[in-house]
Amino acid sequence: MIRIDVLSLFPGLFGPFFETAFVGHARRQGLLSIAAHDLRDWATDRHRSVDDSPYGGGAGMVMTPEPLVTAIEALAGPKGADRRARVVYLSPQGAPLSQSRLERLAGEEALVFVCGRFEGVDERVIELAVDEEISIGDYVLSGGDLPAMVVIEGLVRLLPGVLGNPESIETESFRGGALLEGPHYTRPPIYRGLSVPEILRSGDHGAIAAWRSQQAEGRTIARRPDLVPALQSGREQGRNRDTKQGQKGQEGEQDQEHGREPGRKKRRAPEPAKESTREPGREPGRDDAP
Ligand SMILES: C[S@@+](CC[C@H](N)C(=O)[O-])C[C@H]1O[C@@H](n2cnc3c(N)ncnc32)[C@H](O)[C@@H]1O
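Residues numbered from 1 in each chain as written. Predicted model: local features only at pLDDT ≥ 70, side-chain atom pairs only at ≥ 80, totals over all residues.

Considerations on the sheet that holds strand β1 (residues 2–8)
And step 1. As summarised here, the arrangement of the five strands in space is β2-β1-β6-β5-β7, forming an open sheet in which the pairing is parallel. The sheet terminates laterally at β2 (32–38) and β7 (132–135), the two strands that pair on one side only. The sheet shows a mean angle of 30 degrees between the axes of neighbouring strands, direction not considered.
And step 2. One ladder, built from five bridges, connects β1 with strand β6 (residues 110–115); its direction is parallel. Looking at β6, one finds that V6 is bridged to F113.
And step 3. Along the sheet, helix α6 (residues 145–156) makes contact with β1, β2, β5 (86–96), β6 and β7, crossing β6 at roughly 155 degrees. (Pairing = 2+ DSSP bridges. Helix = DSSP H or I, 4+ residues; strand = E, 2+ residues; numbered from the N terminus. Axes fitted to C-alpha atoms, helices over the stretch in contact; angles between N-to-C directions. Contact = placed C-beta atoms within 7 Å.)

This is the structure we're talking about:
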């Protein structure tokens, strides 16, 4: 079980988030223990202060070292060998969040997420009590609460036993490389004149795997040219992955749980194409060519 503590000035923001979807599911399954703490509970003055004006002047307030360092140490222990949890400060100046970073965090035994507010935290907090800074993107939000939720959501779904079908992670975008996943379709076979690509209803799993691989590559090149060098080096890996998936399909594994919320009724995969479901005169999936 992974233990996650969140330090925030607005712990109430996390209530429904901890109860819902995969995070709630992981808690109920005993795979995750998670709590949000009010930083002001560690404040010692009667105003429960957590911020002060910046040295050198300037706009805004800065989160003071006390009570923040004390609160972090109460949850994670002192920085160093006796630390009980990895401390992550959410910051626009942190290392960019990535799938591989989430995978690493999901492997930790315990995490503490520190949510900043105002202009951020006094720099000495980072030196004394933070192990890692993570940014969720090159933009500035008012607080670290939503970034913490983004990281938690991203890592919880990677915990063993959380997703009904862990194989669905294997084929996702960014998994082990830089490939975006290709398009998805479900019922009905024709919606507002747009058909599901014929090949997906063919029942030919080898051809489906090849089509998906080609779609994923085309989509990566079209949408994320910055990822193309990584795509080229990861191409071989991606092919292996898709081939594996195709072989599984041939063994009769039709039932996909990809993205299914816990507790939702499982549906049978759409049937292979029948002649009568095809719309005459329309090219299936023509809008999805890379
Ligand atoms: C208004 S921001 C502070 C921005 C800071 N003055 C700067 O310019 O870098 C307040 C808090 O929101 C959180 N935050 C804002 N944007 C973020 C992002 N892109 N990623 C992670 N955390 C972010 C951090 O916890 C930060 O301490």
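Some thoughts on the packing of helix α2 (residues 21–28) against α6
And step 1. Here α2 crosses α6 at 60 degrees, and the two axes come no closer than 9 Å. By the angle between their directions, the pair α2 and α6 is classed as oblique. Classified by chirality, the crossing of α6 by α2 is left-handed. Together, F22, V23 and A26 of α2 and I152, E153 and V156 of α6 make up the contact between the two elements.
And step 2. Here the contact of α2 with α6 is built from residues that sort into five nonpolar, no polar and one charged. (Parallel < 35°, antiparallel > 145°, perpendicular 65-115°, else oblique. Left-handed = near helix turned anticlockwise from the far one by under 90°. Nonpolar A, V, L, I, M, F, W, Y, C, P; charged D, E, K, R; others polar.)

Regarding the confidence of the model for the protein
And step 1. Overall, the prediction assigns the protein a mean pLDDT of 86, with 80% of residues at 70 or greater.
And step 2. Confidence scores differ between elements of the protein, with helix α9 (residues 228–250) showing the lowest mean pLDDT of 62 and β6 the highest of 99.
And step 3. Taken as a whole, residues 249–261 scores under 50 in pLDDT and shows 20 contacts with residues more than four places along the chain or in a different chain.
And step 4. The model gives residues 272–290 a pLDDT under 50, and that stretch makes 31 contacts with residues more than four places away or in other chains. (pLDDT = per-residue confidence, 0-100.)

Focus on the nonpolar core
And step 1. Membership of the largest hydrophobic core comes to 46 residues, with the highest contact counts inside it found for L7, I72, V87, V112, F113 and V114.
And step 2. One finds L200, I208, A209 and W211 within the second-largest nonpolar core, a separate group that totals five residues. (Core = buried A, V, L, I, M, F, W, Y, C linked by C-beta atoms within 7 Å. Buried ≥ 20, exposed ≤ 12 C-beta atoms within 10 Å, placed from the backbone.)

Digging into the site of the ligand
And step 1. For the ligand, the set of nearby residues contains 19 residues, the closest of which are L90, G116, G120, G144 and P147.
And step 2. Looking at which element gives the most residues to the shell around the ligand, the answer is β5, with four residues.
And step 3. Looking at the shell around the ligand residue by residue, the class counts come to eight nonpolar, nine polar and two charged. (Near = placed C-beta within 6 Å.)

Remarks on α2
And step 1. Restricting attention to buried positions, one finds in α2 the residues F22, V23, H25 and A26. An end-on view of α2 places all buried positions within 165 degrees of arc, on one side of the element.
And step 2. Those residues of α2 that are buried are in contact with α1 (15–19), β2 and α6.
And step 3. One or two residues past the end of α2 sits G30, with phi positive at roughly 75 degrees. (Arc of directions from axis to C-beta.)

Let's talk about unusual backbone geometry
And step 1. Backbone torsion omega between E66 and P67 reads 10 degrees, so that peptide bond is classified as cis.
And step 2. Mapping P67 onto the fold places it in helix α3 (residues 65–76).
And step 3. Here R187 and P188 are connected by a cis peptide whose omega angle stands at 0 degrees.
And step 4. Residue F118 is not a glycine yet carries a positive backbone phi of 55 degrees.
And step 5. With respect to the helices, strands and loops of the structure, F118 is situated in the loop between β6 and α5 (123–129).
And step 6. We classify F118 as partly exposed; it has 17 C-beta atoms within 10 Å.

Quick notes on the environment of S33
And step 1. Summarising the element assignment, S33 is placed in strand β2.
And step 2. C-alpha separation for the pair S33 and V23, spaced ten residues apart in sequence, amounts to 9.7 Å.
And step 3. Ignoring sequence-local partners within four residues, the contact set of S33 consists of M1 and R3.

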